[in-house]
Amino acid sequence: LRTFDAEIVDKTCSGQRVYLDRTAFYPTSGGQPNDLGTLAGRSVVDVEDEGERIAHVLAEPVGETKTLSLTRVRGEIDWPRRYDHMQQHTGQHLLSAIFADLFGFETVSFHLGKEVSTIELAIPDVTAEQIARAEDTANEIIRSARPVSIHFEDAGLAKSLRKASARQGTLRIIEIDGTDRSACGGTHVRSTAELAPLQVRGTERIRGNTRVEFLCGIRAVERARFDYRILADLVRQASLPVSEIPGHVGSLRERLAEAEKRARTLALELARREGAQLYAGAAASNDGIRRLRLQVSRIDEEARARAQAFAAQPKAVALLLAEDGSLLIACSPDSGAHAGNCLKEVAAAAGGKGGGSAALAQGRLANQAAIAMLSGKLGF
Ligand SMILES: [Zn+2]
C-alpha cells in the first residue's frame, strides 16, 4: 500500500504528532527503519511505535483540528525507500535461513543501514568458501521465484518456526516457500525473485561473532555499478587489465616508499652541504668565531643537519630560530660556548625550557627578550 486515506483520531497541541485510525507507515522496529513520506502534504520525519498506537511525526503541523476537511488525510509512503527496505529485510530472512540450514550458524541480530545491511552470526569465524556457498544458494532460491507469504497463526499452534517466538496470541509469520518460517512484523517482498541479486560484501569479527555485510535488489545493483565505475577509472589510469590492479597498487606503494626514503636521504645530504657552504661564506668575528643565525620554518631533521654541518667546522656557532618559537643551538668544541648550558641559563633567567649537550641544544624561550639574551650570550 503506497497511498492511503485515514482519519486523524488524535494529535498533540503542536499538531506535529499525529495519530490515525489506520496507517501504512512502518514504525522503526525489528532492525528496520521507519518509513518516510507525506501526510496531508506534510513531510513525515519519523514514525514511532508507542505500543498501543503509532505516532506520525510531521515537519510542519496539520491545520485546525475543528476543520472537518482536515480530519481526513491522505498518506503517501516514500516508495523507493520502502521497497529497498522490503528487499533488504526479506533478503535478511533468506540469508539467515541459509546460514542456519547449511552450517548451523544462528543469526543474533540484523541491522538495516542507510547503505549496507548486516546480520550478526553467532560464530567467531566464517570461511570465504562458506560465504560463497551461502551466496550461491541464496541466488539459486532467488532465481526459483519462491512465494513469500504472510500467515496469522496462534502462538501456541504455530509449527516449524525458525526461532520460537516469545509472543503470546496471534503471530504474524513470514514464509519463504520451502525455506523459512519466521515470526516477524516487518515489511517484505512477495517473491524471492524481487531480491535479485543478493551479494555478500564482506565479514567482520565482532564480540566473538561474525558480522556479515550484504546487499540485495536495487541496492546491490547500484552498489555494484558504483564499485565498477571506480574500478574502470583505475583500469583507465593504470592502463592495465583489472586483474593486475592489486599488484600494480602494491608495486606503486613500494616504489613510493623507496622514493620517499631516497628523497629524505638527499634532503639531508643537501642540508649538510648547505651548512658547510654557509660556513665557507661566513666571516669570522673579532673573536675568531664564525656565527650563523638562521630563521627557519621549523626545527626538523634537515634544519638540525644544516646547523650541525656548520658547527662541524672549527670555531663555529649556529643559532636556528623557528616560526613556532622553538630554537636550536649548535657549537663546535673549540667555540668556547656550551650550547646546553647556555640555553638552560637563559631559560631559567628569562623564561622558557630546553637543554642539551655542549655541541647541540634544543628548546623554546618565553619571548623576544629571552631570545635577545641568548643571542647576546652566544656573541651574536
Ligand atoms: Zn521480517
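Residues numbered from 1 in each chain as written. Predicted model: local features only at pLDDT ≥ 70, side-chain atom pairs only at ≥ 80, totals over all residues. Heavy atoms only, no water.

A. Spotlight on the coordination of the zinc ion. Coordination sphere of the zinc ion, protein contribution only: His89 (NE2), His93 (NE2), Cys184 (SG) and His188 (NE2), at 2.0 to 2.2 Å. Around the zinc ion sit four donor atoms, and with donor-metal-donor angles ranging over 100 to 121° the site reads as tetrahedral. We note that the donor set of the zinc ion lies within a single chain, spaced as H-x3-H-x90-C-x3-H. Assessed through its relative accessible area of 16%, cysteine 184 is described here as buried. (Donors = N, O, S within 2.8 Å, 3.2 Å for Na, K, Ca; no water. Tetrahedral: all angles 85-135°; square planar, octahedral: opposite > 155°, others 65-115°. Buried < 20%, exposed > 50% of the residue type's maximum accessible area, 1.4 Å probe, protein only.)

B. Molecular detail of the packing of aromatic side chains. In this structure the tally under the stated criterion is six aromatic pairs. On the numbers, 5.4 Å between centres and 70° between planes, the contact of tyrosine 279 with phenylalanine 310 is edge-to-face. Note that tyrosine 279 is positioned in helix 4 (residues 245-281) and phenylalanine 310 in helix 5 (residues 301-311), a separation of 31 residues in sequence. Here tyrosine 279 matches phenylalanine 310 in class, with each residue buried. Three or more aromatic residues joined by ring pairs make a cluster, and in this case those are Phe99, Phe103 and Phe105. Sitting over the ring of tyrosine 19, arginine 53 keeps its end group 3.6 Å from the ring centre. (Phe/Tyr/Trp six-rings, centres within 6.5 Å; stacked < 30°, edge-to-face > 60°. Helix = DSSP H or I, 4+ residues; strand = E, 2+ residues; numbered from the N terminus. Lys NZ or Arg CZ within 6 Å of the ring centre and 35° of its normal.)

C. Representation of the sheet that holds strand 8 (residues 117-121) in the model. Taken in spatial order, the four strands line up as 7-8-13-12 in an open sheet, and their pairing is antiparallel. This sheet does not close on itself; its edge strands, each paired only once, are strand 7 (107-112) and strand 12 (198-206). Strand-to-strand twist across the sheet, computed as the mean angle between neighbouring axes with direction ignored, equals 20°. As judged from the eight bridges shared by strand 12 and strand 13 (residues 209-216), these two strands associate in the antiparallel manner. Bridging from a neighbouring strand, glycine 202 pairs with glutamate 213 of strand 13. Lying on the sheet, helix 2 (residues 128-143) is in contact with strand 12 and strand 13; it crosses strand 12 at an angle near 145°. Strand contacts of helix 3 (residues 218-238): strand 7, strand 8, strand 12 and strand 13, with the helix running at about 90° to strand 13, the strand carrying the most contacts. (Pairing = 2+ DSSP bridges. Axes fitted to C-alpha atoms, helices over the stretch in contact; angles between N-to-C directions. Contact = heavy atoms within 4.5 Å.)

D. A nonpolar patch on the surface, seen in detail. There is a patch of nonpolar side chains on the surface, built from Phe226, Tyr228, Ile230, Leu231, Leu234 and Val242 and spanning about 550 Å² of accessible area. Looking at where leucine 231 falls in the secondary structure, it is placed in helix 3. (Patch = residues over 30% accessible without salt bridge, like charges linked within 9 Å, V, L, I, M, F, W, Y side chains within 5 Å. Areas by Shrake-Rupley, 256 points an atom, 1.4 Å probe, with all protein chains shown as cover. Salt bridge = Lys/Arg side-chain N within 4 Å of Asp/Glu carboxyl O.)

E. Summary view of the state of the cysteines. Considering all chains together, one arrives at zero disulfides under this definition. Free of any disulfide, cysteine 216 has its nearest cysteine sulfur in cysteine 184, 14 Å distant. Judged by its relative accessible area of 0%, cysteine 216 is buried. Sulfur of cysteine 342: no disulfide; nearest cysteine sulfur belongs to cysteine 331 and is 7.1 Å away. (Disulfide = S-S within 2.5 Å.)

F. Spatial organisation of the sheet that holds strand 3 (residues 37-39). The strand order around the closed barrel formed by six strands is 1-2-5-4-3-6, and the pairing between neighbours is antiparallel. In this sheet, adjacent strand axes meet at a mean angle of 45° when their direction is disregarded. Relative to strand 6 (residues 72-77), strand 1 (residues 3-11) runs antiparallel, the two being bridged by five bridges. When the sheet's bridge partners are listed, threonine 3 is paired in strand 6 with glutamate 76.

G. Structural view of unusual backbone geometry. Along the chain, alanine 196 connects to proline 197 via a cis peptide bond; the corresponding omega equals -15°. Position of proline 197 relative to the elements: it lies in the loop between strand 11 (180-183) and strand 12. The phi dihedral of serine 160 falls on the positive side, at around 45°, and the residue is not glycine. Residue position: serine 160 is located in the loop between strand 9 (148-154) and strand 10 (170-176). Judged by relative accessible area, serine 160 falls into the exposed class, the value being 61%.

H. Looking closely at helix 5. Of all the residues in helix 5, the buried ones are Ala303, Ala305, Arg306, Ala307, Ala309, Phe310 and Ala311. For helix 5, the secondary structure elements touched by its buried residues are helix 4, strand 14 (290-296), strand 15 (316-322) and strand 16 (326-331).

I. Inspection of the packing of helix 6 (residues 339-350) against helix 7 (residues 368-377) at higher detail. Here helix 6 crosses helix 7 at 145°, and the two axes come no closer than 10 Å. For the element pair helix 6 and helix 7, the recorded crossing hand is right-handed. Side by side, helix 6 and helix 7 meet where Cys342, Leu343, Glu345, Val346, Ala349 and Ala350 of the first sit next to Ala370, Met373, Leu374 and Lys377 of the second. (Left-handed = near helix turned anticlockwise from the far one by under 90°.)

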